[in-house]
Amino acid sequence: MTERIRALREDKDLKQKELANYLNVDQSTYSDYETGKLNIPVAVLIKLSVYYNTSTDYILNLTDNQKPYERKKRG
């Protein structure tokens, strides 16, 4: 999983700080997600999948298909 979130970020030429701001966490916290020092909370995992337009399964390395599943409408 850590390799996937790093690769997704780097593919978009983003800095850790930019993702940390989006997730409303410190840059050091985001860095700890990428290095595996901290487990990624489910809410953060969902935000990352929405941001990158992929599935949580892809981020969790359960599939190599980056295409997201159809999302439920909220509200």
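Procedures and definitions
The residue numbering used here restarts from 1 in each chain and proceeds along that chain's sequence as written. Side-chain atom pairs in this predicted model are given and counted only at pLDDT of 80 or more, local residue features only at pLDDT of at least 70, and totals for whole chains, interfaces and linings cover all residues. Side-chain calculation: all heavy atoms of the structure are included, whereas hydrogens and water are not. Numbering of helices and strands starts at the N terminus; helices are DSSP runs of H or I of at least 4 residues and strands are runs of E of at least 2. This radius of gyration counts C-alpha atoms alone. The globule rule is 2.2 Å times how many residues there are, raised to the power 0.38. Under this scheme, a helix contributes an axis fitted over its contacting stretch, all axes are lines through C-alpha atoms, and angles between N-to-C directions fall in the 0 to 180 degree range. Angle categories: roughly parallel below 35 degrees, roughly antiparallel above 145, roughly perpendicular from 65 to 115, and oblique for all the rest. In this description, contact between two residues means that some pair of their heavy atoms is separated by no more than 4.5 Å. The classification used treats Ala, Val, Leu, Ile, Met, Phe, Trp, Tyr, Cys and Pro as nonpolar, Asp, Glu, Lys and Arg as charged, and all other residues, Gly among them, as polar. Basic side-chain nitrogens of Lys or Arg form a salt bridge, by our definition, when they fall within 4 Å of a carboxyl oxygen of Asp or Glu. Exposure is judged per residue with a 1.4 Å probe applied to protein chains only, and the accessible area is read against the type maximum: over 50% gives exposed, under 20% gives buried, and values in between give partly exposed.

## Quick word on the overall build of the chain
Thought 1: Counting secondary structure elements, the chain contains five helices and zero strands.
Thought 2: Along the chain, helices and strands appear, N-terminal first, in the series α-α-α-α-α.
Thought 3: A compact globule built from 75 residues should have a C-alpha radius of gyration of about 11 Å, and the chain, at 12 Å, falls within 12% of that.
Thought 4: Taking the principal axes of its C-alpha atoms as reference, the chain extends roughly 30 × 30 × 25 Å.

## Points about the packing of helix H2 (residues 16-23) against helix H3 (residues 27-35)
Thought 1: Contact pair H2 / H3: the axes reach a minimum separation of 8 Å and the direction vectors enclose 105°. Between H2 and H3, the crossing angle belongs to the class labelled roughly perpendicular. Counting all contacts with H2, which are made through Gln 16, Lys 17, Leu 19, Ala 20 and Leu 23, the residues of H3 involved are Gln 27, Tyr 30, Ser 31 and Glu 34.
Thought 2: Residue classes in the contact of H2 with H3 are distributed as four nonpolar, three polar and two charged.

## Side note on unusual backbone geometry
Thought 1: The residue Asn 24 is not glycine, and still its phi comes out positive at about 60°.
Thought 2: Secondary-structure assignment places Asn 24 in the loop between H2 and H3.
Thought 3: Even without being a glycine, Asn 61 presents a positive backbone phi close to 70°.
Thought 4: Turning to its location among the elements, Asn 61 is positioned in the segment after helix H5 (56-59).

## Quick notes on the pattern of salt bridges
Thought 1: Scanning the model with the defined rule gives three salt bridges in all.
Thought 2: A salt bridge links Arg 4 to Asp 64; the nearest nitrogen and oxygen atoms lie 2.7 Å apart. Taken as a pair, Arg 4 in helix H1 (residues 2-11) and Asp 64 in the segment after H5 lie far apart in primary sequence, 60 residues in all.
Thought 3: Residue Asp 64 is classed as exposed on the basis of its relative accessible area of 67%.

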